[in-house]
Amino acid sequence: HIFVEVSEVYTTKKNAIADEANKIENLISPTYEEIALDLENQLANLDGGYEKLTTAMSKQGEQWHREIDIVVNKMKTEISEIKVKHRDLLHKHLDEIKQIQALIKQTLLAIEEIKKSTEVSPTIEYSSKIREFSKLPPKVKVTLPTFLPKPLDHQKLYSLFGQITPLSTATEENVLSLNKPNTSSRELLDEPELVATIQTGYKQVYNVTYLNEDCVWTFGSTKDIKCFNMKGELLHTVSNKSEQRPNDIAVDGDGNLLFSDGKSGTVNKVNNGQTEELIRLQGWKPSKLCVTSNGDLLVTMYSGDKTQSKVVRYSGSTKKQTIQFDDEGKPLYSGNSSFKYITENRNHDICVADNEARALVVVNEDGKLRWRYIGHPSVTKNKPFKPCGITTDSQSRILTTDGDNHCIHILDQNGQFLRYIDNCNLEYPSGLCVDNNDNLFVSEHFKGNVKKIKFLR
């Protein structure tokens, strides 16, 4: 009788240990690798950031007399000291992460020995480490100091030359979900696969946005916004009260439909079947929409005279940020009413497909220009690159449609071209979105179809 009980405990514990090994190998260990990689990336970019900082100081110094060099050198010494603290701080956190990773590897080796062993005692005595490893350390983000120049005054050279902000360290709660899918290393398929085609009934379909595992919203050449399941069955229809097609659609974190209306100059929310006004613009027309990871709403818009364009961030109905010009005061986006689809990447970059400028324009979370992409040389793709729809996947890759060339460009988060999606019989692709499993949805503008495509392994 005792042997039977021990055998049952042994089997149950053995299964639990195998499950734990799977979670540690496929979820916890990759998460620590991501944290370590983030810290290593901060270290790798540290010199470049400080070089920009010292360059800004040098430009200010060139406008002053020779004696200001003494002040510049003194402040550069302060920068060097802060840089050492910065590096030491990142190394400290990275070392802590690597120590935990070493413990994880030791635990996995011990588990492997238990799994191979037929001895009862090590299995019964094994103490689970899952709770210990699931307590992730805070996510460390150390913000570079900034140099704030002041006007020239010979009487107070040092105090008026500028100041260096102190080293700022921000920590974010880092929560591990043991049930989330592992998206740490999904690679591109050699040949993307067409999964399904939805016929929307529009003569022209403009965009598609993901609602849940079985449903997408679409809009096209009429006032009606339609929701379809993957079988192509129409589930819901919402009509724009202004009797015109919307400029764009999106879905917020609560699953509510959002749409922009150029005629009324509003952004609206559909909640439980009722349409309510969320934002009303004066002198500007709302165009494309994107709900960010923290629940903010990004809106591309153009002026009433169609000479200016900008991106505005809202929290609810409150304006939080405007992105319009680069550091030299030049417009980031072409000044017209043409399409400027928008999305947020996982690194919080804001990506805009500027159709008229024939470019992707990517800025960071603060609105500073990171890079532009103007297409990729190709023998077969010989028509001008005019991007339209844009989205990102779980690996921070950026996808944008190139309608006239009947393809989709895939870039990495730094704007490097990776490949095309030019199969699946795509014709004039326009809008894009991805679901939680990285399935791609593409609207075909003139065919009125939405295609579901698998493009990752």
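Residues numbered from 1 in each chain as written. Predicted model: local features only at pLDDT ≥ 70, side-chain atom pairs only at ≥ 80, totals over all residues. Heavy atoms only, no water.

As recorded by an unreviewed UniProt entry, the protein chain carries the name Tripartite motif-containing protein 3 and is attributed to Magallana gigas.

**Q** What is the right way to read the sheet that holds strand β16 (residues 309–315) from this model?
**A** One key point about sheets: their strands pair by backbone hydrogen bonds, in either a parallel or an antiparallel sense. Pairing in this open sheet of four strands is antiparallel, and the strands run β14-β15-β16-β17 from one edge to the other. The open sheet has two edge strands, β14 (284–291) and β17 (318–323), and neither has a second partner. Within this sheet the neighbouring strands show an average axis-to-axis angle of 30°, counted without direction. Looking at chain direction, β16 and β17 are connected through five bridges and run antiparallel. If you follow V312 over to β17, its bridge partner there is T322. (Pairing = 2+ DSSP bridges. Helix = DSSP H or I, 4+ residues; strand = E, 2+ residues; numbered from the N terminus. Axes fitted to C-alpha atoms, helices over the stretch in contact; angles between N-to-C directions.)

**Q** What's the story with the pattern of salt bridges in this structure? I'm lost.
**A** Note that side chains of opposite charge can pair when their charged atoms are close. One pass over the structure, following the stated rule, counts 18 salt bridges. Residue E328 is joined to K330 by a salt bridge in which the shortest nitrogen-to-oxygen separation is 3.6 Å. Of the charged contacts, one joins D349 and R370 as a salt bridge, the two residues approaching to 2.4 Å between their closest N and O atoms. In this pair, D349 sits in the loop between β18 (340–344) and β19 (350–354) while R370 sits in strand β21 (residues 369–373), placing the two residues 21 residues apart along the sequence. R370 gets classed as partly exposed once you look at its relative accessible area, which sits at 36%. When salt bridges with common partners are traced through the structure, they connect D47, K83 and R87 into a single cluster. (Salt bridge = Lys/Arg side-chain N within 4 Å of Asp/Glu carboxyl O. Buried < 20%, exposed > 50% of the residue type's maximum accessible area, 1.4 Å probe, protein only.)

**Q** Got a minute to help me understand the side chain of Q324 in this structure?
**A** Mapping Q324 onto the fold places it in the loop between β17 and β18. Residue class for Q324 comes out buried when judged on its relative accessible area of 12%. Ignoring anything within four residues of it in the chain, the contact list for Q324 reads W284, Q308, S309, K310, K330, P331, L332 and Y333. (Contact = heavy atoms within 4.5 Å.)

**Q** Help me understand the nonpolar core, please; the structure alone is not making it clear to me.
**A** A general tendency of soluble globular proteins is for nonpolar side chains to be buried together. Residues I24, L39 and I104 are the most contacted members of the largest nonpolar core, which totals 31 residues. Contributions of two or more residues to this core are made by α1 (2–62), α2 (68–116) and β1 (139–143). Considering each element in turn, this core owes the most residues, 13 residues, to α1. Excluding anything up to four places from it in sequence, I24 contacts S29, P30, I104, T107, L108, I111, I130 and F133. By size, the runner-up hydrophobic cluster in this structure holds 24 residues, among which are F219, Y341, W371 and F385. (Core = buried A, V, L, I, M, F, W, Y, C linked by side-chain atoms within 4.5 Å.)

**Q** Which parts of the structure should I look at to understand the packing of aromatic side chains?
**A** What the rule picks out here adds up to six aromatic pairs. For the ring pair Y206 and F339, a centre distance of 6.4 Å and an interplane angle of 70° mean the geometry is edge-to-face. Here F339 lies in the loop between β17 and β18 and Y206 lies in strand β6 (residues 205–212), a separation of 133 residues in the sequence. For Y206, a relative accessible area of 10% gives the class buried. Taken together through their ring pairs, the aromatic side chains of Y206, F219, F339 and Y341 make up a single cluster. Over the ring of Y202 we find K226, and its NZ or CZ is 4.4 Å from the ring centre. (Phe/Tyr/Trp six-rings, centres within 6.5 Å; stacked < 30°, edge-to-face > 60°. Lys NZ or Arg CZ within 6 Å of the ring centre and 35° of its normal.)

**Q** Explanation requested: the sheet that holds strand β25 (residues 417–421) in the structure shown.
**A** Spatial ordering of the open sheet is given by β22-β23-β24-β25, a layout of four strands whose pairing is antiparallel. Strands with a single pairing partner mark the edges of an open sheet, and in this sheet they are β22 (387–392) and β25. Sheet twist, expressed as the average angle between the axes of neighbouring strands with direction ignored, equals 25°. Strand direction decides the pairing type here: β22 and strand β23 (residues 398–402), joined by four bridges, are antiparallel. Considered in β23, the bridge of T392 is made with I398.

**Q** I keep staring at the environment of F455 and nothing clicks. Help me out?
**A** Following the sequence through the fold, F455 ends up in strand β28 (residues 449–456). C-alpha of F455 to C-alpha of R186: the two residues are 269 residues apart in sequence and 9.9 Å apart in space. Excluding anything up to four places from it in sequence, F455 contacts E187, L188, L189, P192, D393, L399, I410, I421, V434, D438 and L440.

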